[in-house]
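So the chains spell out like this:
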Amino acid sequence: MSFGGEGLFDVFSGESGAHTGVEAKTNGEGKRKNDEPITIIDEKRLKDDDEAEMRTLLDSLPKIKTVKLDVAGCSHEVSVNSSEEVPELQARTGPAAREYKFTLDPFQERSVLCLDNHQSVLVSAHTSAGKTVVAEYAISLALRDKQRVIYTTPIKALSNQKYRDLQEEFVDVGLMTGDVTINPSASCLVMTTEILRSMLYKGSEIMREVQWVVFDEIHYMRDSERGVVWEETIILLPDNVRYVFLSATIPNAKEFAEWICHLHKQPCNAVYTEYRPTPLQHYIFPCGGDGLHLVVNDKREFNDAEFDNAMAVLRNAGDMAKGDARNRRQPRGGTQGPSNIKKLVKYCHENNFLPLIVFSFSKKDVEESFASRRQAFPDNYQ
Ligand SMILES: Nc1ncnc2c1ncn2[C@@H]1O[C@H](COP(=O)(O)OP(=O)(O)OP(=O)(O)O)[C@@H](O)[C@H]1O
Ligand SMILES: [Mg+2]
């Protein structure tokens, strides 16, 4: 799977690829066809020249090596220029830039160690693993050292949310999205990646004081349309900046770290963990039924019997099995009970499964639902 644009990391593969140079127009036996211009090309020599040129080009590129470090509880690799020694990470001597209420997991410890050593790090871990801890540490370091830090997110809504969270925690925080600008002279600026890219294109003065840049949800870079925004932003950033990349688990963290090392001439660490603090469980809520059926448990075991039960409920549910959208189209005044989605939310509420996120593909439904909730619980929507 390609992390960025197609072939972005080919430079690291060490292969010269399928480049064959100019093709000579011959009929295969060195004789020209009647309607072709005369072209005298020594194909073998051309190929040798091409290969030699490619070899020289590859030799001229800095070589990157990735070394796996021996750590417990997570994986840690560091990518450095192959002509350099792997810099040994030094344990912190003074107080930590930030204290946490909980004991840090091994991957958080390792990542924080990289930051204390003023090195960039890519943190790749499952959702809710606690990647924000690492970003918060970088913010604390920047604030302690009177430098600026930029925190980028892929979407405006996430920037707004992060701004609220970080502002509560660090106070000296600003927000820049296409819609709003709040406190742009703050030490910690939250923005979308697009805004950072345009700041870099405009040669913004802000960049002079920036020591750390956090890219949250960097796996968005794999998006075929928007991925280029991350590529350009990262390429445009100066070499003296240190990076914190937070990502869902990705298959090519190593290649990404090598790319950063190559681009910005600095060691780049990749710390990964497969640990899931919140194990995934998959339930089915059959429309027309009244409860959840656990079909994949936290050990990833599929439960055939529960699946069959859920299907049987669906078969016996009559019209209710058609789902809310179908039922809505029926004339008013029917004998419908509460919608399936209401039943599901109520079920989750009664069984202590909150908080709950409900995705809807209909903007109208979301707005109607929000309006009715606000009417019912005005105190919750100040
Ligand atoms: N070591 C820890 N021990 C206990 N709780 C932790 C630890 N690290 C983080 N948390 C808590 O876990 C929750 C989820 O953390 P966080 O939001 O950082 O996850 P994330 O990895 O960024 O997930 P996502 O991929 O969804 O963005 C937070 O409430 C955080 O305070
Ligand atoms: Mg996160």
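Residues numbered from 1 in each chain as written. Chains lettered and ligands numbered in written order. Predicted model: local features only at pLDDT ≥ 70, side-chain atom pairs only at ≥ 80, totals over all residues. Heavy atoms only, no water.

**Student:** Before we go on, may I ask you to explain the overall build of the chain in this structure?
**Tutor:** Within the chain one finds 11 helices and 12 strands. Counting the 382 residues in the chain, one finds 36% classified as buried. Taking as baseline every contact in the chain between residues at least 6 positions apart, the subset at least 24 positions apart corresponds to 63%. Just so you have it, the chain exposes about 23,400 Å², and 50% of that area is on carbon and sulfur atoms. (Helix = DSSP H or I, 4+ residues; strand = E, 2+ residues; numbered from the N terminus. Buried < 20%, exposed > 50% of the residue type's maximum accessible area, 1.4 Å probe, protein only. Contact = heavy atoms within 4.5 Å. Areas by Shrake-Rupley, 256 points an atom, 1.4 Å probe, with all protein chains shown as cover.)

**Student:** Explanation requested: the pairing of strand E8 (residues 210-215) in the structure shown.
**Tutor:** Burial analysis of E8 places six of its six residues in the buried class, the great majority of the element. Two strands pair when backbone bridges link them, and strand E4 (residues 148-153) and E8 are joined in this way by five bridges, in the parallel orientation. Paired with Thr 152 across the two strands is Phe 215, which belongs to E8. With four bridges joining them, E8 and strand E9 (residues 242-247) adopt parallel strand pairing. Following the sheet pairing, Trp 212 is matched in E9 by Arg 242. (Pairing = 2+ DSSP bridges.)

**Student:** What is the right way to look at the side chain of Glu 258 in this model?
**Tutor:** Within the element layout of this structure, Glu 258 appears in helix H7 (residues 253-264). Classification of Glu 258 by relative accessible area gives buried; the value is 8%. Only 2.6 Å separates the side chain of Glu 258 from the side chain of Thr 66, close enough to count as a polar contact. (Polar contact = N/O pair within 3.5 Å; in protein donor to acceptor, adjacent residues only side chain to side chain.)

**Student:** Even after reading the chapter, I still don't get the site of ligand 1, so can you show me in this structure?
**Tutor:** Close to ligand 1 lie 13 residues, the nearest being Gln 108, Thr 127, Ser 128, Lys 131 and Thr 132. Contact distances for ligand 1 include 2.9 Å between a nitrogen atom and a side-chain N or O atom of Gln 108. In the model, an oxygen atom of ligand 1 is placed 3.2 Å from a nitrogen or oxygen of the Ala 129 main chain. Against a free-state accessible area of 650 Å², the protein chains account for coverage of 61% of ligand 1. Its residues assigned to classes, the shell around ligand 1 comprises three nonpolar, seven polar and three charged. (Near = heavy atom within 4 Å. Nonpolar A, V, L, I, M, F, W, Y, C, P; charged D, E, K, R; others polar.)

**Student:** How should I be thinking about the packing of helix H2 (residues 106-116) against helix H3 (residues 132-144) in this particular structure?
**Tutor:** When two helices pack together, their arrangement is given by the angle between the helix axes and by the axis-to-axis distance. Two elements in contact, H2 and H3, have axes separated by 9 Å at closest approach and are oriented at 25 degrees. Here H2 lies roughly parallel to H3, going by the angle between them. Between H2 and H3 lies a crossing of right-handed hand. For the pair H2 and H3, contact is made by Gln 108, Ser 111, Val 112, Leu 115 and Asp 116 and by Val 133, Val 134, Tyr 137, Ala 138 and Leu 141, respectively. Counted by class, the contact of H2 with H3 contains seven nonpolar, two polar and one charged residues. (Axes fitted to C-alpha atoms, helices over the stretch in contact; angles between N-to-C directions. Parallel < 35°, antiparallel > 145°, perpendicular 65-115°, else oblique. Left-handed = near helix turned anticlockwise from the far one by under 90°.)

**Student:** Which parts of the structure should I look at to understand the packing of aromatic side chains?
**Tutor:** The relative placement of two aromatic rings is captured by the distance of their centres and the angle of their planes. A complete count under the given rule lists eight aromatic pairs for this structure. Plain terms: the ring middles of Tyr 100 and Phe 102 are 5.9 Å apart, the flat faces sit at 25 degrees to each other, and that makes the pair stacked. The class of Tyr 100 is buried, set by a relative accessible area of 16%. Assessed through its relative accessible area of 47%, Phe 102 is described here as partly exposed. Judged by centre distance (6.3 Å) and plane angle (40 degrees), the rings of Tyr 283 and Phe 353 are tilted. Separated by 70 residues along the polypeptide, Tyr 283 in strand E11 (residues 282-284) and Phe 353 in the loop between helix H10 (340-350) and helix H11 (363-376) bring together distant segments of the chain. Look at Tyr 283 and you get partly exposed, because its relative accessible area is 37%. These aromatic residues form a ring-pair network of at least three members: Phe 215, Tyr 243, Phe 245, Phe 256 and Trp 259. (Phe/Tyr/Trp six-rings, centres within 6.5 Å; stacked < 30°, edge-to-face > 60°.)

**Student:** Would you mind showing me how to read the nonpolar core here?
**Tutor:** The nonpolar side chains of soluble globular proteins are, as a tendency, buried together. Judged by nonpolar contacts, the single largest core of 37 residues is most densely connected at Leu 115, Tyr 151, Leu 166, Trp 212, Val 244 and Leu 246. In this structure Val 244 touches Leu 115, Val 121, Val 134, Ala 135, Ala 138, Trp 212, Val 213, Val 214 and Phe 215, once residues within four positions along its chain are discounted. (Core = buried A, V, L, I, M, F, W, Y, C linked by side-chain atoms within 4.5 Å.)

**Student:** Can you help me understand the environment of Asn 240 in this one?
**Tutor:** Along the chain, Asn 240 turns up in the loop between helix H6 (227-236) and E9. Put simply, Asn 240 and Arg 208 are 32 residues apart on the chain and 9.9 Å apart in space, counted from C-alpha to C-alpha.

**Student:** I'm lost on a nonpolar patch on the surface in this one. Help?
**Tutor:** On the surface, Ile 341, Val 345, Leu 354, Leu 356 and Val 358 cluster together into a nonpolar patch covering about 360 Å² of accessible area. With respect to the helices and strands, the residue Ile 341 is situated in helix H10. For Ile 341, a relative accessible area of 39% translates into the label partly exposed. (Patch = residues over 30% accessible without salt bridge, like charges linked within 9 Å, V, L, I, M, F, W, Y side chains within 5 Å. Salt bridge = Lys/Arg side-chain N within 4 Å of Asp/Glu carboxyl O.)

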